[in-house]
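Breakdown of the fold
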Amino acid sequence: MFGLILQSAILTFFNQQNSIKAVYNLDGSSSNDYSSMAFTAPIAVAAYQQKSEFQNLSEKLRKQVYDDTLSKNYYADTLKVLAALMIDNELK
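By the secondary structure assignment, Leu-85 is in helix H4 (residues 74-88). Its relative accessible area of 47% is what places Leu-85 among the partly exposed residues. Once the C-alpha coordinates of Leu-85 and Val-45 are considered, the two residues, 40 residues apart in sequence, prove to be 9.9 Å apart.

Overall, the coordinates contain 4 aromatic pairs when judged by the stated rule. Centroid distance Phe-13 to Phe-14: 5.2 Å. Interplanar angle 70 degrees. Geometry classified as edge-to-face. Judged by relative accessible area, which is 23%, Phe-13 ranks as partly exposed. Phe-14 sits in the buried class, given a relative accessible area of 11%. Judged by centre distance (5.7 Å) and plane angle (75 degrees), the rings of Phe-14 and Tyr-24 are edge-to-face. In this pair, Phe-14 is assigned in helix H1 (residues 2-15) and Tyr-24 in the loop between H1 and helix H2 (37-49), connecting sequence segments 10 residues apart. Three or more aromatic residues link up through ring pairs in this structure, and these residues are Phe-13, Phe-14 and Tyr-24.

By secondary structure assignment, the location of Asp-88 is in helix H4. The exposure class assigned to Asp-88 is exposed, which follows from its relative accessible area of 52%. For the pair formed by Asp-88 and Arg-62, sequence separation is 26 residues and the distance between their alpha carbons is 9.8 Å. Within the structure, Asp-88 has its side chain in polar contact with the side chain of Tyr-66 (distance 2.4 Å).

The subject of this paragraph is the side chain of Ser-8. Counting through the fold element by element, Ser-8 comes out in helix H1. The class of Ser-8 is buried, set by a relative accessible area of 16%. Side-chain polar atoms of Ser-8 contact the side chain of Glu-53, separated by 3.2 Å. Each residue touching Ser-8, except ones within four places of it in the same chain, is listed here: Gln-50, Glu-53 and Phe-54.

Below, the discussion takes up the nonpolar core. Ranked by internal contacts, the top residues of the largest apolar core, which has 21 residues, are Leu-11, Ile-43, Leu-57, Leu-61 and Val-65. Among the elements of the structure, H1, H2, helix H3 (55-67) and H4 are those that each provide at least two residues to this core. When residues of this core are assigned to their parent elements, the largest contribution, 9 residues, is made by H2.

What counts, and where the lines are drawn
- Residues numbered from 1 in each chain as written.
- Predicted model: local features only at pLDDT ≥ 70, side-chain atom pairs only at ≥ 80, totals over all residues.
- Heavy atoms only, no water.
- Helix = DSSP H or I, 4+ residues; strand = E, 2+ residues; numbered from the N terminus.
- Buried < 20%, exposed > 50% of the residue type's maximum accessible area, 1.4 Å probe, protein only.
- Phe/Tyr/Trp six-rings, centres within 6.5 Å; stacked < 30°, edge-to-face > 60°.
- Polar contact = N/O pair within 3.5 Å; in protein donor to acceptor, adjacent residues only side chain to side chain.
- Contact = heavy atoms within 4.5 Å.
- Core = buried A, V, L, I, M, F, W, Y, C linked by side-chain atoms within 4.5 Å.

Have a look at this one:
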């Protein structure tokens with residue numbers, strides 16, 4: 001139960017952002033302008049898991065996971081593919 005409450009709070013925060021950045025300060029401001037699927041893909045899966053509550057965020061991030069080209073960064077690209085597979089298979 002606590003996990004879903006925390007996940008919901010995190011998704012509420014990201015739902016208010018224009019894009020997901022790599023690093024945030026405790027006050028919610030981003031420390032840089034860098035974004036990567038290494039950070040976006042896990043949030044996309046979490047948003048999809050709660051798509052009834054975060055439909056717009058879920059759709060926006062799902063589209064980003066599917067549409068962004070591979071970055072040639074092994075870690076980020078691996079998380080992107082895993083996120084796409086989880087979303088395609090309804091998180092199974």
